[in-house]
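If you want the building blocks of each chain, they are given just below.
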Amino acid sequence: QVQLVESGGGLVQPGGSLRLSCAASGRWTRIYHMGWYRQAPGKQRDLVVVITSGGSTNYADSVKGRFTISRDNAKNTVYLQMNSLKPEDTAVYYCNVDAQNFDYLRSDYWGQGTQVTVSS
């Protein structure tokens, strides 16, 4: 089982920056993808960015050039640096990890979510 703890959300003015962190703990044999999704009120949960174990990334078009994902495999932590934030970035941000357990089964694990609000 994998537990994810997120931190770093909050209220920021348009044009500002925030950094989200997500630390994984528990037991697994391998972590594959790590990433961030977000869900605005009344909307579906959408991919923001994902990073593979090899460091390849896939960003949503809406955040390209503004958001940067990084991963510290030694700390089992993934980060999301968000710059030039816009009101439309307001959402609950969820950390996601694709991991393999000791039965060699891969599953998706989710954090509890952290609120990001961009407003003046």
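Our structure is the block above this text.
Please read these numbers as outputs of a predicted model, since none were measured by experiment.

> Quick question: what am I supposed to make of the pairing of strand S5 (residues 46–51) here?
Within a regular strand, the side chains alternate between the two sheet faces. Across 5 bridges, the pairing between strand S4 (residues 30–39) and S5 is antiparallel. Looking at S5, one finds that Tyr-37 is bridged to Leu-47. Hairpin connection from S4 to S5: 6 residues lie between these consecutive antiparallel strands, with Gly-42 at a positive phi of about 75 degrees. Sheet topology places S5 next to strand S6 (residues 57–59); 3 bridges connect them, and they run antiparallel. Bridging from a neighbouring strand, Ile-51 pairs with Thr-57 of S6.

> How should the nonpolar core be read in this particular structure?
Generally speaking, soluble globular proteins have nonpolar side chains that are buried together. Membership of the largest hydrophobic core comes to 31 residues, with the highest contact counts inside it found for Trp-36, Phe-67, Leu-80, Met-82 and Tyr-93. Of all the secondary structure elements, the ones that give two or more residues to this core are strand S1 (2–7), strand S3 (18–26), S4, S5, strand S7 (67–72), strand S8 (77–82), strand S9 (91–100) and strand S11 (114–118). Ranked by residue count, the leading element in this core is S9, at 5 residues. Beyond its immediate stretch of four places on either side in the chain, Tyr-93 contacts Glu-6, Leu-20, Trp-36, Tyr-37, Arg-38, Val-48, Phe-67, Leu-80, Met-82, Gly-113, Thr-114 and Val-116.

> What's the story with the pattern of salt bridges in this structure? I'm lost.
A side chain with one charge may pair with a side chain of the opposite charge, provided their charged atoms come close. Per the counting criterion, the structure on display carries 4 salt bridges. Across the pair Asp-89 and Arg-66 runs a salt bridge, and its minimum N-O distance is 2.7 Å. With Asp-89 in the loop between S8 and S9 and Arg-66 in the loop between S6 and S7, this residue pair connects regions lying 23 residues apart in the sequence. Using a relative accessible area of 1% as the deciding quantity, one classes Asp-89 as buried. Each of Arg-38, Arg-66 and Asp-89 takes part in one network of salt bridges that share partners.

> Looking at this model, I keep getting lost on unusual backbone geometry. Mind explaining?
For residues other than glycine, phi is negative in most cases, and the peptide bonds are mostly trans. Despite not being glycine, Ser-84 shows a phi value in the positive range, around 50 degrees. For Ser-84, the location among the structural elements is in the loop between S8 and S9. Phi at Tyr-104 is positive, roughly 65 degrees, even though this residue is not glycine. Inspection of the secondary structure assignment puts Tyr-104 in the loop between S9 and strand S10 (106–110).

Cut-offs applied
Residues numbered from 1 in each chain as written. Predicted model: local features only at pLDDT ≥ 70, side-chain atom pairs only at ≥ 80, totals over all residues. Heavy atoms only, no water. Pairing = 2+ DSSP bridges. Helix = DSSP H or I, 4+ residues; strand = E, 2+ residues; numbered from the N terminus. Core = buried A, V, L, I, M, F, W, Y, C linked by side-chain atoms within 4.5 Å. Buried < 20%, exposed > 50% of the residue type's maximum accessible area, 1.4 Å probe, protein only. Contact = heavy atoms within 4.5 Å. Salt bridge = Lys/Arg side-chain N within 4 Å of Asp/Glu carboxyl O.

In short, the description is geometric, and any link to function would need to be established separately.
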